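Working through the structure, step by step
Residues per chain are reported as follows:
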Amino acid sequence: MKFSAVALLTAFLSSDAFVPASVKRSRHTAALNVATSPPPTDNIIADSDAPDGMWAPDSWRKKVAKQMPLYDDENELKKSTDTIAKSAPLVFAGEVRTLHEQLARATQGQGFLLMGGDCAESFKEFNVDHVRDTFRVILQMSLVMTFGSAMPVIKVGRMAGQFAKPRSEPNEVKDGLSLPSYRGDIINSEEFAVESRRNDPEKMVQAYHQSAQTLNILRAFSTGGYADISRLHAWNLDFVETTDEGSRYRQFAQKVDESLRFMKAIGVDTAAPEFTQVDFFTAHECLLLEYEQALTRQDSTTGGWYDCSAHMLWVGERTRDLDGAHLEFTRGIGNPLGVKISDKCTPEELVRIINTMNPQNIPGRLTIVVRMGADKLRKNLPGLIRAVQREGLSVLWISDPVHGNTRKTENGFKTRDFEAIRSELRAFFDVHEEMGSHPGGVHLEMTGEDVTECVGGMSDVTEETLPHRYNTACDPRLNGQQALELAFLIAERMRRKVGLPPIE
């Protein structure tokens, strides 16, 4: 028990697992520099003047931009992007660099990245409780994972900007009427009507203001005592009370409780800021480049460019073309980046993507998000890891076990099976164990609310109960109980990875 307590204490203190940037030790301190200079508004619509091969905030306009909406009024578009370009940045360069430092340590096996949040944020569902509940579950998960691995867990929310969604078809047809597909609230509205489905650039401004409110809420919760470690553990105990007597979840929670009691007994002040405040970052898919460019700023201290819409951005499977606009845009910004890959990605292609997005091979710069399904992952991931190892490239490998496991039920609901998600995670850890590489994180579509969108797990959601609280406007999400159950399962596997004894 004492060993577990010391391991937990080490993960929380020496590795800055739960320490906010404002109180970090000097070796990790980064000034909260504001990237204040917006790109010239004259370039928001006009073609880039940058020479071929040179990067500029708008050089992506010379490339093919997939999954981008068509706007019918360029003056209206320019008005909206000009408004955003003149507005305050949503995140700051110093915060971005803090995340980059943590991810760099994770690439060396000294951290684990937990990314989670809504499939797509919406305007109508926005409220403080919704943000709080998802934030809380992510923190609960991180506590369990920190104890399981004795390493810091980097907490990143798919929040404050995850509005746009790629679509398989540009148009949707109902009863002979063809309208633009719903692409997320930042572009158009879900209601199937002509005016609702119009691509409205003013929605970018609305998304900006909602993102600013979300970030204010997150900053208040992360530094105002809501993230107290004792409070998180109490919430986790509420979860394990729903499990069977003697279950591994109860045993795990008991070990965490013993560790906290031990720390208090030896004089550790668990009411100190190190145990009551957290670093929490935001990320979203870099999809709507008009919006991203409008929030791209030049840092006042380094001269580098940062996309100040989020701390981290990723490029999706459908927009990661080597000669496409999305890779062109992301290659020039200083934010940590991610790229999603499926079984369609070859080792040669992956190496070229990495060299494009991270040509200087900077640790922490690039995260590879693997989404394949368990069987395809076991077949394809070893070759991808081998190619990266052979080239000496620095990346963080994380698993997205949800996107490759979406199916439609007989009654027409899109859903995901908890067991299939668990199987893909198991395959992810197995492959990295075989390859001697670091399984560096997990990326989940989830919510803190008690929805019924994914089947299975201890929450006992079935196909018959899906309609009860099926609230998503896009893809199905794990509910809070399912997400926390997954965290316990991941923590057990992480203990094995770092050589800690199993919980018995």
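Our subject in this report is the structure included herewith. (Residues numbered from 1 in each chain as written. Predicted model: local features only at pLDDT ≥ 70, side-chain atom pairs only at ≥ 80, totals over all residues. Heavy atoms only, no water.)

1. A few points about the overall build of the protein chain
- Across its full length, the protein chain carries 14 helices and 15 strands.
- Classification of the 504 residues of the protein chain by burial places 60% in the buried group.
- Per element, the accessible surface of the protein chain, about 19400 Å² overall, is 48% carbon and sulfur. (Helix = DSSP H or I, 4+ residues; strand = E, 2+ residues; numbered from the N terminus. Buried < 20%, exposed > 50% of the residue type's maximum accessible area, 1.4 Å probe, protein only. Areas by Shrake-Rupley, 256 points an atom, 1.4 Å probe, with all protein chains shown as cover.)

2. Some thoughts on the nonpolar core
- If you look at the biggest cluster of nonpolar residues, it comprises 119 residues, and the most contacted ones within it are Met-141, Met-145, Ile-368 and Trp-397.
- Sort the elements by how many residues they give to this core and helix 4 (residues 128–149) lands first, with ten residues.
- Grouped together as the second largest cluster of nonpolar side chains are 14 residues, Leu-113, Val-156, Met-312 and Val-369 included. (Core = buried A, V, L, I, M, F, W, Y, C linked by side-chain atoms within 4.5 Å.)

3. Digging into the layout of surface pockets
- The computed volume of the largest pocket comes to approximately 1000 Å³.
- Taken together, 40 residues make up the lining of the largest pocket; nearest its centre are Pro-166, Ser-168, Arg-318, Lys-414 and Asp-475.
- If you list the elements that add at least two residues to the lining of the largest pocket, you get strand 4 (171–174), strand 13 (406–408) and strand 14 (414–416).
- Per-class residue counts for the lining of the largest pocket are eight nonpolar, eleven polar and 21 charged. (1 Å grid on protein atoms, 1.4 Å probe; cavity = no way out; pocket = protein on both sides within 12 Å on 5 of 7 lines; lining within 4 Å. Points joined across faces, edges and corners; volume = space filled by probe spheres on them. Nonpolar A, V, L, I, M, F, W, Y, C, P; charged D, E, K, R; others polar.)

4. Concerning the pattern of salt bridges
- Evaluation of the coordinates by the stated rule reveals 34 salt bridges.
- With its nearest N and O atoms 3.0 Å apart, the salt bridge here joins Glu-463 to Arg-407. You can see Glu-463 sitting in the loop between strand 15 (439–445) and helix 14 (480–497) and its partner Arg-407 sitting in strand 13, a full 56 residues away along the chain.
- One network of salt bridges, with partners in common, ties together Arg-158, Lys-165, Lys-414, Arg-416, Glu-445 and Asp-475. (Salt bridge = Lys/Arg side-chain N within 4 Å of Asp/Glu carboxyl O.)

5. Some details on the environment of Thr-346
- Inspection of the secondary structure puts Thr-346 in the loop between strand 10 (337–341) and helix 11 (347–357).
- A C-alpha to C-alpha distance of 7.2 Å links Thr-346 and Leu-384, two positions 38 residues apart in sequence.
- Polar contacts involving the side chain of Thr-346 include one to the main-chain amide nitrogen of Glu-349, which spans 3.1 Å. (Polar contact = N/O pair within 3.5 Å; in protein donor to acceptor, adjacent residues only side chain to side chain.)

6. Points about the pairing of strand 2 (residues 112–117)
- Taken across its six residues, strand 2 has six buried, putting it largely inside the fold.
- The alternating pattern of strand 2 places Phe-112, Leu-114 and Gly-116 on one face and Leu-113, Met-115 and Gly-117 on the opposite face, and all of these are buried.
- With six bridges joining them, strand 2 and strand 3 (residues 153–158) adopt parallel strand pairing. By the bridge assignment, Leu-113 is partnered in strand 3 with Ile-154.
- For the handedness criterion, the β-α-β arrangement of strand 2, helix 4 and strand 3 is classed as right-handed.
- As defined by bridge partners, strand 2 adjoins strand 15 across five bridges and the pair is classed as parallel. Of the residues in strand 15, the one forming a bridge with Gly-116 is Leu-444. (Pairing = 2+ DSSP bridges. Right-handed = clockwise from strand over helix to strand, strands pointing away.)

7. Quick word on unusual backbone geometry
- Backbone geometry at Gln-67 places phi at a positive 60°, although glycine is not the residue there.
- Among the secondary structure elements, Gln-67 is positioned in the loop between strand 1 (35–37) and helix 2 (74–85).
- By relative accessible area, which is 18% here, Gln-67 ends up buried.
- At Asp-175, a position not held by glycine, the phi torsion is positive, near 50°.
- Relative to the helices and strands, Asp-175 is located in the loop between strand 4 and strand 5 (177–180).
- On the basis of relative accessible area, Asp-175 is assigned to the exposed category, the value being 85%.

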